[in-house]
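Inside the fold
Listed below, chain by chain, are the residues.
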Amino acid sequence: MVAGWSSHIGSKSWCPYCAQCKALFDDMSQPYTAIELDGREDGEQLQAALLALTQQRTVPNVFVAGQHVGGNDDTQQAARSGKLAALLGAPATLEGRVVPVGATAKQLQAVTDFKMI
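Presented here is a report on the structure given in the accompanying data block. Since this is a predicted model, take the numbers as computed values, not measurements.

Interhelical geometry of helix α1 (residues 16-27) versus helix α3 (residues 72-81) gives an angle of 25° and a closest axis separation of 9 Å. With respect to each other, α1 and α3 are oriented roughly parallel. For the pair α1 and α3, the sense of crossing is left-handed. Together, Tyr 17, Gln 20, Cys 21, Leu 24 and Phe 25 of α1 and Asn 72, Thr 75, Gln 76 and Ala 79 of α3 make up the contact between the two elements. Here the residues of the contact of α1 with α3 are counted per class, giving 5 nonpolar, 4 polar and no charged.

Following this line, the structure appears as structure tokens:
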């Protein structure tokens, strides 16, 4: 895994597809941060923000090394094709990174400096 980058999974605790996605990362011995949207007071707002960023409202919503991978089907396919392993070991670049629409200059600089995805 790239130093300074991690994998994030937007998830809901009851979701079987989220469980499959987390199990995939566990099976690959890859650390990740699961953001359990149903266990957070701001979960609805986070899910709305994910929709705005990715055009995907469903969970899981997976990011690896600052890149949006997609949902469970997308992540499982990326694992089968080798794309997921490449993302987990590839150097982070700005290309392909999710940047919020209407991002400020300071936010864009944080993305460039690998301090924000």
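Next comes the rest of the description.
What follows is about the pairing of strand β2 (residues 32-36). Bridge count for strand β1 (residues 7-11) against β2 is 5 bridges, and the pairing is parallel. When the sheet's bridge partners are listed, Ser 7 is paired in β2 with Tyr 32.

Right, let's talk about the sheet that holds strand β4 (residues 67-70) for a bit. Within a sheet, each strand pairs with its neighbour through backbone hydrogen bonds, oriented either parallel or antiparallel. Read across the sheet, 4 strands follow the order β2-β1-β3-β4 without closing on themselves; strand pairing throughout is mixed. The sheet terminates laterally at β2 and β4, the two strands that pair on one side only. Looking at each pair of strands side by side, their axes are set apart by 20° on average, direction ignored. The strands touched by helix α2 (residues 43-54) within the sheet are β2, β3 (61-64) and β4, with β3 carrying the most contacts at an inclination of about 65°. Together, β3 and β4 form the strand contacts of α3, whose direction differs from that of β4 by roughly 100°.

A word on the side chain of Thr 75. Here Thr 75 lies in helix α3. At 2.8 Å, the side chain of Thr 75 and the backbone oxygen of Gly 71 are in polar contact. In contact with Thr 75, other than residues within four places in its own chain, are Cys 21, Leu 24, Phe 25, Val 62, Val 69, Gly 70 and Leu 84.

Before going further, it helps to examine the pattern of salt bridges. All chains considered together, the criterion is met by 2 salt bridges. Lys 22 is paired through a salt bridge with Glu 36; the nearest N and O atoms lie 2.7 Å apart. Residue Lys 22 is located in helix α1, and its partner Glu 36 is located in strand β2; the two are separated by 14 residues in the primary sequence. Judged by relative accessible area, Lys 22 falls into the buried class, the value being 15%. What makes Glu 36 partly exposed here is its relative accessible area of 22%. As a salt-bridge pair, Arg 40 and Asp 42 come within 2.8 Å of each other at their nearest N and O atoms. Residue Asp 42 is classed as partly exposed on the basis of its relative accessible area, which comes to 29%.

Rules behind the numbers
Residues numbered from 1 in each chain as written. Predicted model: local features only at pLDDT ≥ 70, side-chain atom pairs only at ≥ 80, totals over all residues. Heavy atoms only, no water. Axes fitted to C-alpha atoms, helices over the stretch in contact; angles between N-to-C directions. Helix = DSSP H or I, 4+ residues; strand = E, 2+ residues; numbered from the N terminus. Parallel < 35°, antiparallel > 145°, perpendicular 65-115°, else oblique. Left-handed = near helix turned anticlockwise from the far one by under 90°. Contact = heavy atoms within 4.5 Å. Nonpolar A, V, L, I, M, F, W, Y, C, P; charged D, E, K, R; others polar. Pairing = 2+ DSSP bridges. Polar contact = N/O pair within 3.5 Å; in protein donor to acceptor, adjacent residues only side chain to side chain. Salt bridge = Lys/Arg side-chain N within 4 Å of Asp/Glu carboxyl O. Buried < 20%, exposed > 50% of the residue type's maximum accessible area, 1.4 Å probe, protein only.

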